[in-house]
Amino acid sequence: MLLRHTPTEVKEREGLTINPAKTCQPIGAMYAALGIHGCLPHSHGSQGCCSYHRSTLTRHYKEPVMASTSSFTEGASVFGGQANLLASIETIFSVYDPEVIAVHSTCLSETIGDDLQQITKKASDDGKIPDGKYVIYASTPSFVGSHITGYANMVTGMAEQFAVSTGEKTEQINIVAGWMEPSDMREIKSIASLMDAKIVLFPDTSDVLDAPQTGKHEFYPKGGVTIDQLRSTGDSKCSLALGCVSAEPAAIALDKKCKVPFETLDMPIGLSATDRFIMALSKAAGKPVPASITAERGRVVDVMADMEQYFYGKKVALFGDPDQIMPLTEFLLDLGMRPTHIVSGTPGLRFEKRMKEILERAPYANFRNGAQADMFLLHQWIKNEPVDLLIGNTYGKYIARDENIPFVRFGFPILDRVGHSYFPSVGYSGAMRLIEKILGVLMDQQDRVALEEKFELVM
Amino acid sequence: MLLRHTPTEVKEREGLTINPAKTCQPIGAMYAALGIHGCLPHSHGSQGCCSYHRSTLTRHYKEPVMASTSSFTEGASVFGGQANLLASIETIFSVYDPEVIAVHSTCLSETIGDDLQQITKKASDDGKIPDGKYVIYASTPSFVGSHITGYANMVTGMAEQFAVSTGEKTEQINIVAGWMEPSDMREIKSIASLMDAKIVLFPDTSDVLDAPQTGKHEFYPKGGVTIDQLRSTGDSKCSLALGCVSAEPAAIALDKKCKVPFETLDMPIGLSATDRFIMALSKAAGKPVPASITAERGRVVDVMADMEQYFYGKKVALFGDPDQIMPLTEFLLDLGMRPTHIVSGTPGLRFEKRMKEILERAPYANFRNGAQADMFLLHQWIKNEPVDLLIGNTYGKYIARDENIPFVRFGFPILDRVGHSYFPSVGYSGAMRLIEKILGVLMDQQDRVALEEKFELVM
Amino acid sequence: MEAKVLIPDPSRIKEELINKYPAKVAKKRSKSIVINDPETVPEVQANVRTVPGIITQRGCSYAGCKGVVLGPTRDIVNIVHGPIGCSFYAWLTRRNQTRPEKPTDENYITYCFSTDMQEEHVVFGGEKKLKVAIQEAYDLFHPKAIAIFSTCPVGLIGDDVHAASREMKEKLGDCNVFGFSCEGYRGVSQSAGHHIANNGVFKHMVGNNNEPKAGKFKLNLLGEYNIGGDAFEIERLFEKCGITLVASFSGNSTVRAIENAHMADLNVILCHRSINYMGDMMETKYGIPWMKVNFVGAESTSKSLRKIAEYFGDEELKARVEAVIAEETPKVQAIIDEIRPRTEGKTAMLFVGGSRAHHYQDLFSELGMTTLAAGYEFAHRDDYEGREVLPKIKIDADSKNIEELKVSADPELYKPRKSEAELEELKARGLEINGYEGMMKQMQKKSLVIDDVSHYESEKLIELYKPDIFCAGIKEKYVVQKMGVPLKQLHSYDYGGPYTGYEGAVNFYKDIDRMVNNPVWKLIKAPWEKAGAESLEASYVAS
Amino acid sequence: MEAKVLIPDPSRIKEELINKYPAKVAKKRSKSIVINDPETVPEVQANVRTVPGIITQRGCSYAGCKGVVLGPTRDIVNIVHGPIGCSFYAWLTRRNQTRPEKPTDENYITYCFSTDMQEEHVVFGGEKKLKVAIQEAYDLFHPKAIAIFSTCPVGLIGDDVHAASREMKEKLGDCNVFGFSCEGYRGVSQSAGHHIANNGVFKHMVGNNNEPKAGKFKLNLLGEYNIGGDAFEIERLFEKCGITLVASFSGNSTVRAIENAHMADLNVILCHRSINYMGDMMETKYGIPWMKVNFVGAESTSKSLRKIAEYFGDEELKARVEAVIAEETPKVQAIIDEIRPRTEGKTAMLFVGGSRAHHYQDLFSELGMTTLAAGYEFAHRDDYEGREVLPKIKIDADSKNIEELKVSADPELYKPRKSEAELEELKARGLEINGYEGMMKQMQKKSLVIDDVSHYESEKLIELYKPDIFCAGIKEKYVVQKMGVPLKQLHSYDYGGPYTGYEGAVNFYKDIDRMVNNPVWKLIKAPWEKAGAESLEASYVAS
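The name given to chain C in an unreviewed UniProt entry is Nitrogenase molybdenum-iron protein alpha chain, with Chlorobaculum limnaeum as the source organism. Here chain C is described in UniProt, under the heading Sequence similarities (unreviewed entry), as follows: "Belongs to the NifD/NifK/NifE/NifN family." The Catalytic activity (unreviewed entry) comment attached to chain C in UniProt states, word for word, "N2 + 8 reduced [2Fe-2S]-[ferredoxin] + 16 ATP + 16 H2O = H2 + 8 oxidized [2Fe-2S]-[ferredoxin] + 2 NH4(+) + 16 ADP + 16 phosphate + 6 H(+)".

Taking an unreviewed UniProt entry as the reference, chain A is identified by name as Nitrogenase molybdenum-iron protein beta chain belonging to Chlorobaculum limnaeum. Regarding chain A, the UniProt comment filed under Subunit (unreviewed entry) reads as follows: "Tetramer of two alpha and two beta chains. Forms complex with the iron protein (nitrogenase component 2)." Per UniProt, the comment on chain A under Catalytic activity (unreviewed entry) is "N2 + 8 reduced [2Fe-2S]-[ferredoxin] + 16 ATP + 16 H2O = H2 + 8 oxidized [2Fe-2S]-[ferredoxin] + 2 NH4(+) + 16 ADP + 16 phosphate + 6 H(+)".

**Student:** For this particular structure, what's the right way to read the sheet that holds strand β8 (residues 238–242) of chain B?
**Tutor:** Hydrogen bonding along the main chain pairs the strands of a sheet, whether they run parallel or antiparallel. All names here are of chain B. Within the open sheet, the four strands sit side by side as β7-β6-β8-β9. Their pairing is parallel. Each edge of the sheet is formed by a strand with only one pairing partner; in this case those strands are β7 (199–202) and β9 (262–265). Neighbour-to-neighbour, the strand axes of this sheet turn through a mean angle of 20 degrees, independent of strand direction. Relative to β7, strand β6 (residues 173–177) runs parallel, the two being bridged by four bridges. The residue of β7 that forms the bridge with I173 is I199. Sheet contacts for helix α10 (residues 248–258): β6, β7, β8 and β9; angle to β9, the most-contacted strand, approximately 175 degrees.

**Student:** What's the story with the confidence of the model for chain C in this structure? I'm lost.
**Tutor:** In regions of low pLDDT, the predicted coordinates are not meant to be interpreted in detail. Residue and element names in this part refer to chain C. Of all residues in chain C, 97% attain a pLDDT of 70 or more, and the chain-wide mean is 95. Every residue in residues 535–543 scores below 50 in pLDDT, and together they form 23 contacts with partners more than four places removed in sequence or on other chains. Quick note on the complex model: pTM equals 0.97, ipTM equals 0.97.

**Student:** Mind showing me how you'd approach empty space enclosed by the protein here?
**Tutor:** Unfilled space is identified by rolling a water-sized probe across the atoms. Size it by volume and the second largest cavity reaches roughly 650 Å³. Forming the boundary of the second largest cavity are 44 residues, of which V68, R94, Q190, F378 and H491 of chain D lie nearest the centre. Of all the secondary-structure elements, those providing two or more residues to the lining of the second largest cavity are α2 (47–61) of chain A together with α3 (61–70), α9 (190–204), β6 (218–224), α15 (356–366) and α20 (474–482) of chain D. Per-class residue counts for the lining of the second largest cavity are 15 nonpolar, 21 polar and eight charged.

**Student:** When you look at the domain arrangement of chain A in this model, what are you seeing that I'm missing?
**Tutor:** It is common to report an interface's size as the accessible area lost on association of the parts. Residue and element names in this part refer to chain A. Partitioning chain A into domains gives domain 1 (25–162), domain 2 (173–285) and domain 3 (305–452). Of note, the centres of domain 1 and domain 2, computed from C-alpha atoms alone, are 22 Å apart. Between domain 1 and domain 2, the residue contacts involve 34 residues of the former and 35 residues of the latter. A combined buried area of about 2,900 Å² lies between domain 1 and domain 2, and 70% of that area is made up of carbon and sulfur atoms. Our enumeration of links across domain 1 and domain 2 arrives at zero salt bridges. On inspection of domain 1 and its partner domain 2, the count reaches 15 residue pairs in polar contact (both at pLDDT 80 or more).

**Student:** Looking at this model, I keep getting lost on the sheet that holds strand β3 (residues 68–69) of chain A. Mind explaining?
**Tutor:** Residue and element names in this part refer to chain A. Here we have four strands laid out as an open sheet, ordered β3-β2-β4-β5, and parallel in their pairing. Each edge of the sheet is formed by a strand with only one pairing partner; in this case those strands are β3 and β5 (134–138). Inspection of the sheet shows strand β4 (residues 100–105) paired to β5 by five bridges, in the parallel sense. For A102, the partnering residue across the bridge sits in β5 and is I136. Its contacts with the sheet place helix α4 (residues 82–95) against β2 (39–44), β3, β4 and β5, and it is angled at close to 155 degrees to β2.

**Student:** Explain the pairing of β2 of chain A here, please?
**Tutor:** Every other side chain in a regular strand lies on the same face of the sheet, so the side chains alternate between the two faces. All names here are of chain A. In terms of burial, β2 is a largely internal element, six of the six residues being buried. Residue alternation in β2 divides its side chains into two sets, C39, P41 and S43 and L40, H42 and H44, and both sets are buried. In the sheet, β2 pairs with β4 via six bridges, with the strands oriented parallel. Residue pairing across strands places H44 opposite S105, the latter belonging to β4. Sheet analysis places β2 next to β3, joined by two bridges and oriented parallel. By the bridge assignment for β3, S43 is matched with T69.

**Student:** So what exactly am I meant to see when it comes to the packing of helix α6 (residues 127–141) of chain D against helix α8 (residues 161–172) of chain D here?
**Tutor:** A pair of packed helices can be characterised by two numbers: the angle between their axes and the separation between those axes. Residue and element names in this part refer to chain D. Across the interface, α6 lies against α8 with an axial gap of 10 Å and an inter-helix angle of 35 degrees. The crossing of α6 and α8 is right-handed. Contacts between α6 and α8 pair L130, K131, I134, Q135 and Y138 from the former with V161, A164, E167, M168, K171 and L172 from the latter. Here the residues of the contact of α6 with α8 are counted per class, giving seven nonpolar, one polar and three charged.

**Student:** Just to check I follow, could you spell out the interface of chain B and chain A for this structure?
**Tutor:** Each partner contributes to the interface: chain B provides 53 residues, whereas chain A provides 53 residues. Here chain B and chain A share an interface that buries about 4,600 Å² over both sides, 56% of which is from carbon and sulfur atoms. On the surface where chain B and chain A come into contact, there are 16 salt bridges. We note a salt bridge from R4 of chain A to E452 of chain B, for which the minimum N-O separation is 3.1 Å. There are 28 residue pairs in polar contact (both at pLDDT 80 or more) connecting chain B and chain A. Contributing elements (two or more residues each) for the side of chain B that touches chain A: α12 (291–306), α17 (396–403) and α18 (427–449) of chain B. No other element matches the 11 residues that α18 of chain B contributes to the side of chain B that touches chain A.

**Student:** Before we go on, may I ask you to explain the relation of the copies chain B and chain A in this structure?
**Tutor:** Note that the two copies of the chain are related through a rotation about an axis and a translation along the same axis. Placing chain B over chain A gives an RMSD of 0.0 Å and needs a rotation angle of 180 degrees, together with 0.0 Å of translation along the axis. Overall, the copies show the geometry of a two-fold rotation axis. When you check the interface residues of chain B against chain A, 100% turn up at the interface there too, and the contact is symmetric in its surfaces.

**Student:** Could you clarify how one ought to interpret the pattern of salt bridges in this entry?
**Tutor:** Think of it this way: side chains of opposite charge can pair up when their charged atoms draw near. Residues and elements named next belong to chain A. For the structure on display, the rule yields 166 salt bridges over all chains. As a salt-bridge pair, E171 and K237 come within 3.1 Å of each other at their nearest N and O atoms. In this pair, E171 is assigned in the loop between α7 (147–162) and β6 (173–177) and K237 in the loop between α9 (227–232) and β8 (238–242), connecting sequence segments 66 residues apart. Take E171: its relative accessible area is 56%, and that puts it in the exposed class. Its relative accessible area of 22% is what places K237 among the partly exposed residues. Between K287 and D196 there is a salt bridge; the shortest N-O distance is 3.6 Å. Taken together, the residues span a long stretch of sequence, with K287 in the loop between α11 (271–285) and α12 (291–306) and D196 in the loop between α8 (182–194) and β7 (199–202) at a distance of 91 residues. Residue K287 is classed as partly exposed on the basis of its relative accessible area of 27%.

**Student:** For this particular structure, what's the right way to read the domain arrangement of chain C?
**Tutor:** Residues and elements named next belong to chain C. Domain parsing of chain C yields domain 1 (61–184) and domain 2 (217–339 + 388–429). If you look at the interface, domain 1 gives 16 residues, while domain 2 gives 16 residues. Both sides together, the interface formed by domain 1 and domain 2 hides about 1,300 Å², and carbon and sulfur atoms give 53% of it. By the criterion of area lost to domain 2, the three top residues of domain 1 are T73, Q97 and R99, representing 34% of everything that side buries. Our count for the domain 1 to domain 2 interface comes out at zero salt bridges. Where domain 1 packs against domain 2, one counts 11 residue pairs in polar contact (both at pLDDT 80 or more). Classifying every residue of the side of domain 1 that touches domain 2 by side-chain character gives five nonpolar, five polar and six charged.

Calculation notes
Residues numbered from 1 in each chain as written. Chains lettered and ligands numbered in written order. Predicted model: local features only at pLDDT ≥ 70, side-chain atom pairs only at ≥ 80, totals over all residues. Heavy atoms only, no water. UniProt positions renumbered as here; feature names shortened; annotations may be inferred. Pairing = 2+ DSSP bridges. Helix = DSSP H or I, 4+ residues; strand = E, 2+ residues; numbered from the N terminus. Axes fitted to C-alpha atoms, helices over the stretch in contact; angles between N-to-C directions. Contact = heavy atoms within 4.5 Å. pLDDT = per-residue confidence, 0-100. 1 Å grid on protein atoms, 1.4 Å probe; cavity = no way out; pocket = protein on both sides within 12 Å on 5 of 7 lines; lining within 4 Å. Points joined across faces, edges and corners; volume = space filled by probe spheres on them. Nonpolar A, V, L, I, M, F, W, Y, C, P; charged D, E, K, R; others polar. Domains from an automatic or database assignment. Buried area = accessible area lost by both parts, 1.4 Å probe. Salt bridge = Lys/Arg side-chain N within 4 Å of Asp/Glu carboxyl O. Polar contact = N/O pair within 3.5 Å; in protein donor to acceptor, adjacent residues only side chain to side chain. Buried < 20%, exposed > 50% of the residue type's maximum accessible area, 1.4 Å probe, protein only. Left-handed = near helix turned anticlockwise from the far one by under 90°. Least-squares fit on C-alpha atoms with pLDDT ≥ 70 in both.

This is the structure we're talking about:
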């Protein structure tokens, strides 16, 4: 047993988090910043943060993840990090020549009270920011929220610091991407294009974190939302925020700053959430839903109907990030499954409220988020009420192996398989992929444990 | 052991085929015919053939497979099937109202010597074929070749019986689809559209055998190549035949009948075969390869490079149909794998010759096709030299379980999983999917058999 | 049985079903579409040719012979003589489960054997290849029995599989080799193949093993093919009751068991259509009476167990059967009580097989569901109307071609298990010995009975009746589901089961509950396709 | 060592590496980029701050302390005191394998423990939460030891983890609780964390267990973290040779073993950088000499085993070591003979860690490959230039902040294992006792030595040298591979290994062969991107 010390009996903890279902803000900010074209994320803290975040993102994407650090030492920690950040800005523009540096803070710089707004203003005043180049920032203290919070904060920073309202509204629709894969962002754009909806998607890590092998390392790959696009978001007719936790704050910021009205939607994972997204996009764009999208939806429902017996009543444990867990839970219910145990380390009332709505269809479900809502607790719940399927990031493999549970990797980070960054989980195509994956592991398990006389050819 | 009686020692057989790696012609003809819009395939034989073919296709696609039968009884078998076919044509047009009936023969009607050309001519002469409606036919004796032969024969029939040369060549390129999935055909069309190449693809089972759930059964779903399109193939500037076994005969027929020059390519499965297809299509269309295709290719190579260690040197056993096996073998070699045992029940010199070329890079490989090249032999080979991976249709699961070999379902029929008809195996997207699938099963196996201290988080 | 739902006027519906057909076809079909009256039991045209061109559910004689009857027995090497397809399609697709006693016991159920006939054999004859194949199979496996199945070309080119089998049987010495002339064109459906199979099994196997079988209450299970493990559940109940199963025809069975079948004292028949020949022949030759039973449905199971106990007339057995019923039924009732509120009043249609369309009505009835229409794929009139109609059935050309074995009492082995008087007494007590009353007497008035339903008729029926569930086979499954109606496969059970006995009943209840109440059926329409979908123009209010 | 490949003019290259930097940065970096001369060994600026904004490979003190040194020991509950991230990122990512003797033995290596510090704790202090966490960990697991690791905010807000640990140790009674002030900002890299970890382990663990250890030749393995199972292979060889491993620091190790380490008679150091402090302190306190060894590379392994035997001076041991070498090396040679023709003449670069960039050069050399450039991520000058340079190293502000333990001979346990004379004799016989000659003396002339290489410099180096393989870590892996050059991870081994000893050498040879000769590198360019791709217009000839 890989997790041999996890007892079945659940005791409330207050001090200790074990096997967390979250990580810290800055990595989210770094990921979001990579979704701006020509951007170098910068970690204002000690070297370790940057190194850890780059490593984790690299393992998940198997792609270059470029980011710099203020390389705090003890001196900087005592006297403040301004000098380090100013020096960083200078070095970065001369050596790496980005369009924009996206600075995020860390628990270190937050604890000592560095004011990023003031420092970047000083950098600008001191002429350290070349003409036509930008430094944006987000405050992302590791001791608040989770990696999802950091993502939301950096995306909000993009909106706040770039969006400009010229007073002339355009036909453009902002789509604020919640934390999703490059493949998902590509799919969102593809759906909008099919619908002939003029959108700007931000951030956008497609063609950044799924760059082709060309024999050349493109320091700034072709993808990412451009600064011009970000500026134009202030004139857009509306925003659709895909995720009430990771995307909505940026939409609110745009509304506040530039009076861009917004609608918040669940991330379009699974059938119903995608339905709502398609409807909302169609309405926002004033364009009918094209037949090809309706047909794609119909193919998903077709498989759901044809394979319903394999889903129905199966108990599922899942863990991960709010904007993914919410629509996924709903999708499991649409599939006739029983989402039985759910944890997410990310705190938040908005999240809790929405989960409560969704779980009205699953009054039996255990759900907890925030403090001590960790994988240790999830594992204990599973020991108390076994499940047929586990869904979550790579760390779930330890529970899956110990408890012999079919396991679908979903969420962040996925460190031991490829595919997530290339094949979308959002939209109807993503729903089909989820169906294939879930069916695959359930059927593999059936094939594995079947008695010889019960081994099925046709399924 | 599910196949407990299979001995390790290989003895040559001459009379008995055990666990075949092929089936018979008519099912291929039925499948091909479903790729014409508004077509009802008709099986000229006893009811069992039609029932078996519909059942097998239905299990593979989990979709309606409509086809009719001449319902031979003993009388018809003795006195000839003309009356049955004439009656069928009459009934079909009045009850099912197709645009075209595509008749294929069976071992029964072939043995008694029914002449489909003559009978359909008689039906026409007798006024049993309504105006603007068609009856086409293909001779598909079950005792010659395999299901692949039947497919090729029906596709050839389409070309021969529909194509018209007006004398004015168009910019259109014919793409003759070898036996592939609806998802694959969709992908071929999508590639051509990206390249702005004007093509007609035939047959085309997309939007036929992957129809959406709409609450209504469309007897003739929206997809399929139209008769007008088929007629127009005679004026096309060239044909690209995707598969020297299942597609080339139709291209040859077009060349013969309408002087449409052709090029035969491997089915675009895997990197190198897709490269050649893209090059050939680009040249034929006179259009450059768009950057998006180059980038998609680059993403495939990227994953191949990043994950090379998991492929390299792994031994693979595979079985299936020639036009899929050939490029797949080449792809395995490109991945650094060792295609070790290969069988296909389909005979043919063209196939053997091309395999010989491909296997120059794998002089160690066991390959056999045609008579007694069955899964029993493959299993025996595996017992003699174990492999790390098995690729083939659903029937491979018995070997996979007995020998504990990771198993990727590929080919026809796949009776126990979904996905093949929705996600392509062709093109770069298909290559990515194959990579994900192969890696997935290899890594699952690694995770399963790893000692606890060797259980990897990152892979 | 009382109508739970209002059934539409069936005569109008019948009209709709046939009015698109050419006149000749309509006339023919109208005889196979009957409005039921359980009192009068109208005649149903059955076991006649399907109209060419009609999309039918039916298969062929080979399918009935090899696929249905011979396939399930685990230790026969079944070689299909013909082109590859026939053997390929029958390879493991029928879910005949089998459980050898020891892991090393013979079990060829996972294998597919074919002579893979090529053009040269069609031209020059395939007997030689067949004999080589038999020899190779023998050399590889040394099986107890090898059976040869003829596919369409075999009969036409004149290969004599029987002669070849005899020759090889002689040559091999310790292996029973026998052939079947079950070419696909024989008869009008699988039914011909059943008959041919019964004849062959009776001729070549039954009676070969005279070893006495221990046990007080010995019977054979006829027409139970152990699809989805059905036979396992019946075996479980027999064992609990102290009933000895001599041979099963042919699910989870062996050559030795079938050869020993004549040592039983009763044949119970499940699938009347496929195996009643065997019951009759064994009665004639060995004096073993047969009884129709039904282990599909909890009530039917109890009834069938009681009938068996009644037949043997042993008080201890009767008591044990009652104890088993008392033990098993409360669990079933608990599930029914939970599920029935969700299924009550719903409707079903069954068009499948040769017995299942009848048996499964019991399960639906237990769920409070009404059968609106039903019919068989390959049945004869007796399956609809009851065996009393047998003398009235006209033998047509297609039936005449199927051999009718001349069976007479075995000079040594014939031993009537019950005297004429005993049989009369049993009948008087309600035991239908050697009889079957058919489906229609148990179906409600005005329900539709349709033989060999066509695809067109199925679609129309669904359109007109909107049933909550439709039962048929794999070819119909996705067609019907496209219409938003769940289809339960009653050949393969949708890869579920078992559905026999008490455990099977529970499985079935749960499956039907799941199917008719699945959330997916409410998701078919996209929101933008629904009436009242909001207008496209959204209005946003800035905060 | 002779140059196998022509090395480009390094001075021009050095120029290229720094000419894009701002002047101050260029000046600083130029001191860390050195053209090697193994004879004169030029000075390398090392262990200095990374320029802010530079993309560096380096991590932090916490990573060195918790991640590298303490992480691998299986039965310590390592609680990270701070926000969640630090603990999350160090969770299982270093592949420190461990194999408990019994399946029920303590093993927390798969767990991640954190106090998950929130804003309120940053504002009001986190000691209370820490103590609750320690109590909860104790209640759940009853471990032998709990270690506390401070992350950045902890020092700044003034939480005293040492006081909290002492208090809880006292309270719990049977659990050793101790803390580390390894905040991420301490020092300039992981190196600070190693030192802090060594101090803590020495203070709180070593010497706690005076149980005598059986065995004639007892040693500790210092600086072997069992990544990919490296320690398993060394353990295998020790066992074969009859050498007793008292404690491993810290791969595949336990609390009890480390507490017992002072009972050994020799410390062998693998990773000089991370653990040499421990060697020195144990020598001073207990009189145990240390020796640098290297088990990476087949020849180095043989040499290291011989050195150990030489140290103990026992003829039987020497003979056994020779026998093991004689048994192991032919298998290795056979593989080398097969592979070397495919790797001979190829080139490598290594920029990684604090010892690996040195050790792995031996393996490349065995493959006939030349190291063009190498450098460490967090080393000090002695790792480059040899320990003789130690007195000359200036202590800067960053180093001064790391506690230097005052160690003196233990009044009871100090026992010099070798007399001064014996040590001198061993040195005279070539055993470098308490010494390490560094990397540069073993690298060829004109090769480049670069400390703390930056991303920019790496890319330039690849551009200019086009090496056949590049060795670094995960952050560099895909960057370098995007350039069409395979990158071998020498932290995680690309999830392969072990690479120590003889079996490890074979693993490495095969992996490098696979990487440099993989067909994929030839597939990078699409056919239409290749020079001479045919023109777009095709011409077809009708048949």
